[in-house]
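What follows is each chain in one-letter form.
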Amino acid sequence: MCRFLAYKGQPLLMDELLYKPKNSLIKQSAMAHESEEPLNGDGFGIGWYDKRLDSDPGLFVSVRPAWNDRNLRSIAKKIVSPMIFAHVRAASMGDVSESNCHPFHFKNIMFMHNGSIGGFHLVKRFVRRLLSDEIYEWIKGQTDSEHLFALFLENLKKKKYTRTTSENMAEVLIATIKQIEKIKATNKIRETSYVNVCISDGDHLVAIRYVSNKREKAPTLYYSAGGKYTCKKGVCHLEPAQSKHDHSVLIVSEKLTSNVEDWSQIPTNHVLIVSNDLSVELRPVKI
């Protein structure tokens, strides 16, 4: 399965996340250690926010393997952002194409997924029927991930929130997964869904680790919360926060270093809610 990371905190050079850790995301693209599929060479994507320009994220995706892309290596040394998404793909649904590379974004909202929707080839038609023309026409790829995001966007739009918060993003994400599971149940689709997702609007960040069959093992998902991110000789971690303005949060499919004390595992069927002030809360997901 794919590997990803999400960072929110003090503005950080992308190179510090993608290349410098001992078990960096770039190394995971060639040899992941905590996945049944070690190779994630079916493309990659990075997304980042720069609110000095506008509220929408920048995006760079490619079908090249991340470990062998000179353009990514170059721009990672030039991009600084307080919110960064990065994803390396092992294709399980859809062609190897730029349209199927994560992260996906719609206006100011960015989304990436590791896992699969059980029986998606049967679920897909029912999901698409629930979409407005705007969201339907926005879909460009074939993946279950993009369709899951599209249904989330549709549900978020219907809520008509006056402002987006981490809590209501989490609420809509859980409701969307419930909707998918209801479609599966109605149509007697018993295949397991694995949904590790990160989603952000540039201010708030939500991550979920979910598996529909509790007897199955969910893909790994970890987080680290602390202060400034530092990286020395491949040992990269968040230092203890020195003030309320010094917080950062890092979410990863796979631990970037072997320092166990730096990482906390998100329990199966839990959502991690990161507010704009970088406070962190874990909540159980009941579907």
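Here we summarise the structure given alongside this text. Computed from a predicted model, the values in this text were never measured in an experiment. (Residues numbered from 1 in each chain as written. Predicted model: local features only at pLDDT ≥ 70, side-chain atom pairs only at ≥ 80, totals over all residues. Heavy atoms only, no water.)

### Focus: helix α4 (residues 120-129)
And step 1. For α4, the complete set of buried residues consists of F120, V123 and V127. All buried residues of α4 project into a common sector of 60° when viewed along the axis, lining one side. The exposed set on the far side of α4, more than 90 degrees from its buried face, consists of H121 and R129.
And step 2. Close packing links the buried residues of α4 with α6 (144-159) and α7 (166-186). (Buried < 20%, exposed > 50% of the residue type's maximum accessible area, 1.4 Å probe, protein only. Helix = DSSP H or I, 4+ residues; strand = E, 2+ residues; numbered from the N terminus. Arc of directions from axis to C-beta. Contact = heavy atoms within 4.5 Å.)

### Thoughts on empty space enclosed by the protein
And step 1. Within this structure, the stated rule accounts for two cavities of 30 Å³ or more.
And step 2. Roughly 80 Å³ of internal volume is contained in the largest cavity.
And step 3. If you trace the largest cavity, you find it lined by C2, R89, A90, A91, S92, M93, H102, H113, G115, T143, D144 and S145.
And step 4. Of all the secondary structure elements, the ones that give two or more residues to the lining of the largest cavity are β6 (109-116) and α6.
And step 5. Along the lines of polarity and charge, the residues of the lining of the largest cavity split into four nonpolar, six polar and two charged.
And step 6. Estimated volume of the second largest cavity: approximately 40 Å³.
And step 7. Lining of the second largest cavity is provided by L18, L25, I26, F44, G45, I46, A66, L72, A86, H87 and V88.
And step 8. Mapped by element, the contributors of at least two residues to the lining of the second largest cavity are α2 (25-30), β2 (44-48) and β4 (80-88).
And step 9. The residue inventory of the lining of the second largest cavity, partitioned by class, reads nine nonpolar, two polar and no charged. (1 Å grid on protein atoms, 1.4 Å probe; cavity = no way out; pocket = protein on both sides within 12 Å on 5 of 7 lines; lining within 4 Å. Points joined across faces, edges and corners; volume = space filled by probe spheres on them. Nonpolar A, V, L, I, M, F, W, Y, C, P; charged D, E, K, R; others polar.)

### Quick look at the packing of aromatic side chains
And step 1. Counting across every chain of the model gives six aromatic pairs.
And step 2. A centroid spacing of 6.5 Å and a plane angle of 70° characterise the contact between Y7 and Y229, whose relative ring orientation is edge-to-face. Residue Y7 is found in strand β1 (residues 3-13), and its partner Y229 is found in strand β10 (residues 229-232); the two are separated by 222 residues along the sequence. Just as Y7 is buried, Y229 falls in that class too.
And step 3. Considering the side-chain rings of F44 and F60, the 5.6 Å spacing of their centres and the 80° angle between planes classify their relative orientation as edge-to-face. Here F60 lies in strand β3 (residues 58-62) and F44 lies in strand β2, a separation of 16 residues in the sequence.
And step 4. We classify F60 as partly exposed; its relative accessible area is 22%.
And step 5. Here the aromatic residues F106, F111, W138, F149 and F152 are joined through ring pairs into a cluster of three or more.
And step 6. A cation sits over an aromatic face here: R73 above Y19, 4.1 Å from the ring centre.
And step 7. When the ring centre of Y136 is taken as origin, the NZ or CZ atom of R128, which lies over that ring, is 4.3 Å away. (Phe/Tyr/Trp six-rings, centres within 6.5 Å; stacked < 30°, edge-to-face > 60°. Lys NZ or Arg CZ within 6 Å of the ring centre and 35° of its normal.)

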